[in-house]
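A closer look at the structure
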Amino acid sequence: MITFYPGPSKVYPQVGPYLQEAVESGLISANHRSEAFMQMLQHTVLSLKTKLDVPDDYEVYFVSSATECWEIIAQSLISASSTHIYNGAFGEKWMQYTHKITAGANAFYFDSETVPDLNKLYFQENEVICVTHSETSNGTFLPSSFLSELRSRTENLIAVDATSSMAGVALPWQNADIWYASVQKCFGLPAGLGVMIVSPRAVRRAEEIGENKHYNSLLFIRDNFLKFQTPYTPNTLGIYLIGKVMEQVEQIEIISEIIQQRAKNWYQFLAENGYELLVKNEAVRSGTVIAVHAEKTRIAELKKAAKQDGITLGNGYGKDKETSFRIANFPAISDEEIAVLKGFLIRTASNK
Ligand SMILES: *Cc1c(COP(=O)(O)O)cnc(C)c1O
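What comes next is a walk through the structure. Just so we're clear, the structure is a prediction, and the values are computed from it rather than from any experiment.

So, about the packing of aromatic side chains. By the definition in use, this model includes 9 aromatic pairs. Taken together, a centroid distance of 5.5 Å and an interplanar angle of 70° make the contact between tyrosine 215 and tyrosine 232 edge-to-face. One end of the pair, tyrosine 215, is in the loop between helix H6 (200-209) and helix H7 (218-226); the other, tyrosine 232, is in the loop between H7 and helix H8 (236-248), and 17 residues separate them in sequence. Taking relative accessible area as the criterion, tyrosine 215 reaches 47% and is therefore assigned partly exposed. Measuring from centroid to centroid gives 5.9 Å for tryptophan 266 and phenylalanine 269, while their planes differ by 80°, and the two rings are edge-to-face. Placement of both tryptophan 266 and phenylalanine 269 in helix H9 (residues 252-272) is noted, with a separation of 3 residues, approximately one turn of the helix. Grouped by ring-pair contacts, the aromatic residues Tyr61, Phe62 and Phe225 constitute a single cluster. Across the ring face of phenylalanine 90, the terminal group of lysine 185 is positioned such that the distance to the ring centre comes to 5.2 Å. The residue whose ring lies beneath arginine 285 is tyrosine 267, and the NZ or CZ to ring-centre distance is 4.9 Å.

In C-alpha cells:
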C-alpha cells in the first residue's frame, strides 16, 4: 500500500532502521534526566534548528501534539483574548478549544477562496492572533505576503498552526512568535510528538503572565528545556527519530523548492486530466495538501478503486468530507509513488 493520506502520513523509509538503532543503542531505556538523554535532546534541537533555518534566538520545545499546543497557548500566552483568523476545520477547532479555556476567543472567519482582509481587523492590547498556515482540511494556504503584512501591522503575539507545512516548506519565522506542528505530516515520522517554536517576544510575554499551574505550562516546559530536559517522561523514541530524520534531510530551502515544484505539477496535472480542484484561487492553494472536489459518488468510487490498486487517498475533512479527496504532497513521498498515483488518476479520469 502506498499512502497519500495527509496525516498520519507516509514515514521516511529510513525510520525502520532508526527504530532498530534506537533499541540497540539503549537510549530509549535511558532515564530522561541522564546525560545520554540530555545530549540527545540538545543535538536534536540543534539539528532541527539548522535544517529548518530557525532563528538562533527562537526556542524549540517538544510536546505531544499540535492539539496540545492549542492548550499551552491558551493557558500560558493568552491573558484575556485571542483572535482566530480561519477558513476551515482545524482553525475553527483551535478557536473553539481556546474558547473553552479562556472564554475570550474571537472568530474571524474568511472565505477559503480569499486572503483575509486585514483592514477589517482590530486587535486589543495583548490579544494573541491565531492563524493556520496550511489549512489541512481544505487545502488552502496563507501566502507569505499575508504573514509579513500582519507582522508589520501589529506588535501582538502571532501564533501559527503550521502542522501540515513545517519541514515541508520554508517558513518566515520572524513574522510570527509561536509556530507549532505535529510530526506525522511533513516531518515524515510516526505520530505522537509535537514541535513548538517560540520567539523571544513570546517568552517575555509568558514571563509577564507568569502562568505556572499546569504540567504543560509554557514556563515549566521552558525551564526544563533550558537544561535539555522535559517536565514529564517524554516520548524519547519520537525525539530520537526526529533527530535522526533532521540529520538525514536536506536543508529546508531545497526541500521547499522540490515541494513547490511538485505542487505546481500536481495542480497542472489534475486540471489537465479533468479533475476539479477544491480551491479555485491559485494564490491560496496549499503546496503541501492538495484537495480535489467531485460528486459524492465519484469520490467514493475513486477512493475504492485506488484502494484496489494499493493506493490510499486522503479522505475529505470537515464540511468537504464526502465531496473531496486529499493528496499529501509531503517530502517523504517519492517520485515513484507520485508516478503511480498519476497513472491511476489518468486511468480513472472522467474526461477520457
Ligand atoms: C493534523 C493537524 C492538527 C492536529 O494534529 P494532532 O497531532 O492531532 O494534534 C492541527 N492542525 C492542523 C492544521 C493539522 O493539519
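Still more ground to cover, so stick around.
On to unusual backbone geometry, then. Look at the link from glycine 7 to proline 8: it is a cis peptide, with omega at -10°. Looking at where proline 8 falls in the secondary structure, it is placed in the loop between strand E1 (2-3) and helix H1 (15-25). Phi at aspartate 53 takes a positive value of approximately 60°, unusual for a residue other than glycine. Backbone geometry places asparagine 126, a non-glycine residue, at a positive phi of 65°.

Calculation criteria
- Residues numbered from 1 in each chain as written.
- Predicted model: local features only at pLDDT ≥ 70, side-chain atom pairs only at ≥ 80, totals over all residues.
- Heavy atoms only, no water.
- Phe/Tyr/Trp six-rings, centres within 6.5 Å; stacked < 30°, edge-to-face > 60°.
- Helix = DSSP H or I, 4+ residues; strand = E, 2+ residues; numbered from the N terminus.
- Buried < 20%, exposed > 50% of the residue type's maximum accessible area, 1.4 Å probe, protein only.
- Lys NZ or Arg CZ within 6 Å of the ring centre and 35° of its normal.

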